Amino acid sequence: MRIHELAKEIGIDSKELVKKLKTLNFPVKNHMSSVDNETAEIIKHELDDLNKKEIEENVIEVDFPVTLKDLAVKLAKKPSELLTNLIKQKKFFTINQSLDEETAKGIAYQYKVNLKAKLSQEEELLKYEAKDLKKRPPIITLMGHIDHGKTSILDYIRKSKITEKETGGITQHTGAYQVNLAKGSITFLDTPGHETFTAMRARGANITDIVIIVVAADEGVKPQTVEAIDHAKASGAPIIVAINKIDRPNANIDMVKQQLSKIELVPEDWGGKVITVGVSAKTGDGIDELLELIILQADLMELKADYQRPALGVVVEARLSKGKGALSAILVQEGTLRVGDLCVCGPCWGKIKAMHDDLGHLCRQAIPSFPVEILGLNGVPNPGEQLLVVPNEKAAKDIANKRKEAEEKRKITPSSHLKLEDLYKKAQEGEIKQLKIILKADVGGTLEAVEAALMKIPSKEVKLVIIHKGVGAVNSSDILLAEVTDSIVVGFKVTMDAKVREISRNKGIETRTYQIVYELIDDVTAAVEGLLTPQIKRTFLGRAEVKTVFKLTKAGIIAGCVVSKGKITRNSVCHLFRGNEVIFKGKVETLKRFKDDVKEVIEGFECGIGLGYNKIQEADVIDVFFEETIARRLK
């Protein structure tokens with residue numbers, strides 16, 4: 001085979017092929033040179049690799065979605081050329097229509113261009129490479145049952161470990177404070193409980209390095225203690241157990257350790273890996289040992305941060321003060337935060353006018369793991385929001401506005417979490433290796449029996465993991481934990497009040513309650529085996545008859561119709577009939593009355609309907625439905 005014949009077969013200019021072959025060190029002189037079939041196949045393979053490499057290196061950054069017109073400018077091509085290519089693929093667009101990422105990349109690939117999403121200004125600032133990592137203090141959260149002494153321990157540490165010089169200060173509402181010891185500093189997060197801890201994690205603020213679980217020596221492990229432990233485990237932070245109230249006459253440390261062992265927190269002196277220490281918030285016994293163990297655990301973790309970069313932090317608390325305005329308690333994570341810095345905090349922004357430490361003293365700067373209260377933002381951000389120092393006011397406004405838009409979009413867009421119906425498909429695609437379950441039941445015996453039955457479900461693809469189990473109704477804490485861990489909530493013979501049900505629906509968390517244990521087991525088994533499919537309930541809404549077809553510049557092909565039955569609503573599912581045959585299934589994308597966009601048109605009125613389908617003809621019929629998905633139960 002001659003080179004010019006091979007060039008024709010590949011679809012490339014013969015001179016261009018000769019040039020490329022010389023680059024790849026193939027012994028060819030010109031387009032008349034000959035190669036055998038085996039060499040021709042090798043050349044095709046090498047050229048394919050070379051093309052991929054060229055495309056990979058030829059990067060153009062764009063903001064997705066991108067209009068066809070803008071993409072043509074980026075590729076230095078005529079829009080008509082791009083339109084022709086799309087029509088060949090049976091894809092119909094106008095030049096001002098936005099292309100999704102996949103379609104835009106497919107077009108660019110034909111011109112040997114690799115399209116990449118352009119980094120936002122915020123992403124550029126977050127991409128900062130750490131240069132000078134130094135040791136930072138650990139950040140600690142105390143959690144446990146409400147009456148077991150979390151606040152008492154924090155109060156004792158605060159009073160006993162703050163020097164005389166510092167005691168003149170008034171403790172600020174920073175939600176965090178720092179204690180300086182001979183061997184280092186420790187920052188304590190004073191959060192109300194595990195729900196707040198997990199709610200902050202749900203916002204992406206996983207700021208705790210070590211969790212201290214507080215258990216009373218006289219009462220032992222309570223249901224709320226188990227909840228706190230499971231929330232701590234889900235965060236992946238190391239756990240230290242502080243057994244409080246050892247000064248009481250009925251204190252029983254061994255009983256507590258035995259209870260901890262039953263929930264997979266085996267103490268070190270019982271052959272496990274969990275550090276436990278007996279303390280008394282009343283007398284101070286064991287507090288020093290607890291602090292030393294925290295410092296030791298932090299040293300093993302080698303906690304470090306870059307002190308030089310533009311500061312990054314997290315909102316711990318925020319409030320509106322009558323005299324001062326918006327005050328935000330910030331925990332610095334990276335860099336050094338200074339008075340005068342321009343920063344964005346959630347959807348708010350501003351220049352830091354003043355900073356106070358946790359004792360109310362004015363300070364000029366805050367280093368990593370240091371808590372401060374700042375003044376200067378134009379609003380009150382939510383706890384868990386990220387603070388980011390920016391170079392100028394324009395950047396601050398742009399980032400704040402984009403965050404605001406993202407938040408609004410998040411509110412109207414249903415959250416996408418794992419559904420049982422999708423489990424098998426995602427497992428086959430390698431996206432999921434575990435089915436995480438939060439299990440609730442009416443009594444302890446039933447809970448253990450249901451857990452044992454679930455654990456016996458055989459599956460090679462998916463491992464079942466019980467993230468949390470408990471007795472009682474499904475509560476908001478369960479939904480929060482499910483959101484953070486991407487779990488499903490399964491309840492047996494338990495209830496769920498309307499408020500919790502609404503939270504679950506808003507967050508897109510699948511929550512299922514059962515009265516018959518076989519239904520529960522069958523549903524999970526069927527999900528693992530890929531047999532559980534949702535039932536679609538379809539309700540007929542209306543019918544429209546196509547009288548004429550016309551084309552609008554922006555909306556594309558529009559069918560001029562008369563509503564002959566019921567009503568037509570925008571965004572409803574529809575079927576397009578030609579005779580008795582369904583020729584298109586989709587949604588009502590555009591609905592107009594004369595020139596105005598409307599939400600619905602009732603029987604007897606004329607309207608314009610756009611389906612995003614360009615082959616509508618006169619006399620076609622459009623049927624519109626309301627569809628709802630019902631989780632199927634195996635009987």
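Quick caveat: nothing in here was measured; it's all calculated off a predicted structure. (Residues numbered from 1 in each chain as written. Predicted model: local features only at pLDDT ≥ 70, side-chain atom pairs only at ≥ 80, totals over all residues. Heavy atoms only, no water.)

All right, on to the sheet that holds strand E11 (residues 275–278) then. Adjacent strands of a sheet pair through backbone hydrogen bonds, lying either parallel or antiparallel. Taken in spatial order, the six strands of this open sheet run E7-E8-E6-E9-E10-E11, and their pairing is mixed. Only two strands of the sheet have a single partner each, and these edge strands are strand E7 (176–181) and E11. With direction set aside, neighbouring strand axes in the sheet form an average angle of 30 degrees. Note: strand E10 (residues 239–244) against E11, four bridges, orientation parallel. Looking across to E11, one finds that Ile 243 is bridged to Gly 278. (Pairing = 2+ DSSP bridges. Helix = DSSP H or I, 4+ residues; strand = E, 2+ residues; numbered from the N terminus. Axes fitted to C-alpha atoms, helices over the stretch in contact; angles between N-to-C directions.)

Where helix H10 (residues 223–235) contacts helix H16 (residues 476–485), the axes come no closer than 10 Å and their chain directions differ by 15 degrees. Taken together, the axes of H10 and H16 lie roughly parallel to each other. The handedness of the crossing between H10 and H16 comes out as left-handed. Contacts between H10 and H16 pair Glu 227, Asp 230, His 231 and Ala 234 from the former with Ser 477, Leu 481 and Thr 485 from the latter. Class assignment for the residues of the contact of H10 with H16 results in two nonpolar, three polar and two charged. (Parallel < 35°, antiparallel > 145°, perpendicular 65-115°, else oblique. Left-handed = near helix turned anticlockwise from the far one by under 90°. Contact = heavy atoms within 4.5 Å. Nonpolar A, V, L, I, M, F, W, Y, C, P; charged D, E, K, R; others polar.)

Per-chain confidence: the protein averages 85 in pLDDT, with 91% of residues scoring 70 or above. Overall, residues 163–171 carries pLDDT values under 50, and its contacts beyond four positions in sequence, including any with other chains, amount to 12 contacts. (pLDDT = per-residue confidence, 0-100.)

Okay, the side chain of Asp 478 next. Mapped onto the secondary structure, Asp 478 falls in helix H16. Of the polar contacts made by the side chain of Asp 478, one reaches the side chain of Lys 440; its length is 2.7 Å. Beyond its immediate chain neighbours, meaning those up to four positions away, Asp 478 contacts Ile 438, Lys 440, His 468, Ala 473 and Val 489. (Polar contact = N/O pair within 3.5 Å; in protein donor to acceptor, adjacent residues only side chain to side chain.)

On to the packing of helix H9 (residues 194–202) against H16. Viewed as axis vectors pointing N to C, H9 and H16 meet at an angle of 30 degrees, and their least axial separation amounts to 9 Å. In terms of orientation, H9 and H16 fall into the roughly parallel class. Regarding H9 and H16, the two cross each other, and that crossing is left-handed. Residue-level contacts link His 194, Glu 195, Thr 198, Ala 199, Arg 201 and Ala 202 of H9 to Ser 476, Ser 477, Leu 480, Leu 481, Glu 483 and Val 484 of H16. Considering only residue class, the contact of H9 with H16 consists of five nonpolar, four polar and three charged.

Let us look at helix H12 (residues 287–301). Note on helix geometry: an α-helix contains 3.6 residues per turn, so any two residues three or four positions apart are oriented the same way. Over its 15 residues, H12 runs 21 Å from end to end, which matches the ideal 21 Å to within 8%, given 1.5 Å per residue. Looking at H12, one finds that the buried residues are Ile 287, Leu 290, Leu 291, Leu 293, Ile 294, Ile 295, Gln 297 and Ala 298. (Expected span 1.5 Å × (residues − 1). Buried < 20%, exposed > 50% of the residue type's maximum accessible area, 1.4 Å probe, protein only.)

A word on the nonpolar core. Counting 24 residues, the largest nonpolar core has Ile 153, Phe 188, Ile 212, Leu 290 and Ile 294 as its most contacted members. Elements with a minimum of two residues in this core: strand E6 (139–144), helix H8 (150–161), E7, strand E8 (184–189), strand E9 (210–216), E10, E11 and H12. Broken down by element, the residue count for this core peaks at six residues, all from H12. Excluding residues that lie within four positions of it along the chain, Phe 188 makes contacts with Ile 140, Leu 142, Leu 154, Ile 157, Gly 175, Ala 176, Tyr 177, Val 179, Leu 291 and Ile 294. By size, the runner-up hydrophobic cluster in this structure holds 22 residues, among which are Leu 418, Leu 439, Phe 492 and Leu 520. (Core = buried A, V, L, I, M, F, W, Y, C linked by side-chain atoms within 4.5 Å.)

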